[in-house]
Amino acid sequence: KMVDACIEKFGRIDILINNVGRSEPGGPVEMSEETWDDQMDVNVKSAFLCCKAVLPIMEKQGGGSIVSISSVAGLAYIGKPQVGYAASKAAMQQLTKTTAVIYADRHVRLNCVAPGLMFTPLVERLAQKYAKGDYEGFVAHRHKQVPAGHMGEAWDVANTVVFLASDESRYITG
C-alpha cells in the first residue's frame, strides 16, 4: 500500500530509505526466540520487503537509490549484549552489499550507513531502561565510548544519507 500510494502521488520512486531499528538486550541463552524473531522482522525483514517492492519499479524507470541504516553493532561487538540487534544490523549490511552487486548494472544503487553511538531523544529512554534514569551519567558514559569523545547527532547521519541518495554519489554502491 505504501509503494502504491507513492507511485500514485509521484509517478515514480527514486529513493528508498530503510531507517528502522529495535534493540533488546540479551545473548542467545537469555533472549527468547520471540524477541529474536521480532528484532529480525523489524530490523531486516521490513527492509527486505521494501526493497522487494521498490526494486522492480526502480529498474523499470531506469534507476534509483536505496540507503539503509545499519549500526556499528553490525560490524563488531561494541560492549553491549544485544545479539539480536547486532545480528540483524549485520544482516542489513549484507543484504545491501549483495543486492547492490545484483542491481549495479540496472542503475539502482544500494548503500548502507553504519552509525556509531548517536545523541538523539532515544538516549533519554535508554537511560531509563539501562541506567536507572541516570541521564547525565549515561550520556557521559556514551560520550566516553566513542573514539572522538562524543556521540554523533542525527544530522551527521541525515547528511550522509542525503549524499548517498543524491546523484553526487552516482558511482558509489554496495
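Residues numbered from 1 in each chain as written. Predicted model: local features only at pLDDT ≥ 70, side-chain atom pairs only at ≥ 80, totals over all residues. Heavy atoms only, no water.

## Some words on the pairing of strand β2 (residues 64-69)
Step number 1: Extensive coverage of β2 is indicated by the burial of 6 of its 6 residues.
Step number 2: Residues of β2 alternate between two faces, with Gly64, Ile66 and Ser68 on one and Ser65, Val67 and Ile69 on the opposite face, all of them buried.
Step number 3: As paired strands, strand β1 (residues 15-18) and β2 are joined by 4 bridges and run parallel to one another. Paired with Ile15 across the two strands is Ser65, which belongs to β2.
Step number 4: Relative to strand β3 (residues 108-113), β2 runs parallel, the two being bridged by 6 bridges. Counterpart to Gly64 in the pairing with β3 is Val108. (Buried < 20%, exposed > 50% of the residue type's maximum accessible area, 1.4 Å probe, protein only. Helix = DSSP H or I, 4+ residues; strand = E, 2+ residues; numbered from the N terminus. Pairing = 2+ DSSP bridges.)

## Topic: a negative patch on the surface
Step number 1: Together, Glu33, Glu34, Asp37 and Asp41 line one region of the surface with negative charge.
Step number 2: Residue position: Glu33 is located in helix α2 (residues 33-61).
Step number 3: You can call Glu33 exposed: its relative accessible area is 63%. (Patch = residues over 30% accessible without salt bridge, like charges linked within 9 Å, V, L, I, M, F, W, Y side chains within 5 Å. Areas by Shrake-Rupley, 256 points an atom, 1.4 Å probe, with all protein chains shown as cover. Salt bridge = Lys/Arg side-chain N within 4 Å of Asp/Glu carboxyl O. Lys, Arg positive; Asp, Glu negative; His and termini not counted. Charge placed at Lys NZ, Arg CZ, Asp CG, Glu CD.)

## Overview of the environment of Ala154
Step number 1: The residue Ala154 is located in helix α6 (residues 154-165) in this model.
Step number 2: Since its relative accessible area comes to 46%, Ala154 is described here as partly exposed.
Step number 3: Each C-alpha atom, one on Ala154 and one on Gly26, is 26 Å from the other, the two residues being 128 residues apart in sequence.
Step number 4: Ignoring any residue separated from it by four or fewer positions in sequence, one finds Ala154 in contact with Met118 and Thr120. (Contact = heavy atoms within 4.5 Å.)

## So, the packing of α2 against helix α3 (residues 83-103)
The relative placement of two packed helices comes down to the angle between their axes together with the axis-to-axis distance.
Step number 1: With their axes 8 Å apart at the nearest point, α2 and α3 run at an angle of 15° to one another. When the interaxial angle is binned, α2 and α3 end up roughly parallel. Considering how the two elements wind past one another, α2 and α3 form a crossing that is right-handed. Two secondary-structure elements touch here, α2 through Trp36, Gln39, Met40, Asn43, Val44, Ala47, Phe48, Leu55 and Glu59 and α3 through Val83, Gly84, Tyr85, Ala87, Ser88, Lys89, Ala91, Met92, Leu95, Thr99 and Tyr103.
Step number 2: Looking at the contact of α2 with α3, its residues break down into 13 nonpolar, 5 polar and 2 charged. (Axes fitted to C-alpha atoms, helices over the stretch in contact; angles between N-to-C directions. Parallel < 35°, antiparallel > 145°, perpendicular 65-115°, else oblique. Left-handed = near helix turned anticlockwise from the far one by under 90°. Nonpolar A, V, L, I, M, F, W, Y, C, P; charged D, E, K, R; others polar.)

## Some details on α3
Step number 1: For α3, which comprises 21 residues, the first-to-last C-alpha distance of 30 Å matches the rise-based estimate of 30 Å (1.5 Å per residue) to within 8%.
Step number 2: The elements touched by buried residues of α3 are α2, β2 and β3. (Expected span 1.5 Å × (residues − 1).)

## A few points about the packing of aromatic side chains
Both the distance between ring centres and the angle between the ring planes are used here to describe each pair of aromatic rings.
Step number 1: Evaluation of the coordinates by the stated rule reveals 0 aromatic pairs.
Step number 2: Directly above the ring of Tyr103 sits Arg106, whose terminal nitrogen or CZ lies 4.3 Å from the centroid. (Phe/Tyr/Trp six-rings, centres within 6.5 Å; stacked < 30°, edge-to-face > 60°. Lys NZ or Arg CZ within 6 Å of the ring centre and 35° of its normal.)

## A closer look at the sheet that holds β3
Step number 1: Strands sit in the order β1-β2-β3 across an open sheet of 3 strands; the sheet is parallel. With partners counted over all chains shown, the strands left at the sheet margins are β1 and β3, one partner each. Strand-to-strand twist across the sheet, computed as the mean angle between neighbouring axes with direction ignored, equals 15°.
Step number 2: Along the sheet, α2 contacts β1, β2 and β3; its crossing angle with β1, the most-contacted strand, is approximately 170°.

## Comments concerning the packing of helix α4 (residues 122-130) against helix α5 (residues 135-145)
Step number 1: Between α4 and α5, whose axes approach to 9 Å, the crossing angle comes to 105°. Taken together, the axis directions place α4 and α5 in an arrangement best described as roughly perpendicular. Seen from α4, the contacting residues are Val123, Glu124, Leu126, Ala127 and Tyr130; seen from α5, they are Tyr135, Phe138, Val139 and Arg142.
Step number 2: Its residues assigned to classes, the contact of α4 with α5 shows 7 nonpolar, no polar and 2 charged.

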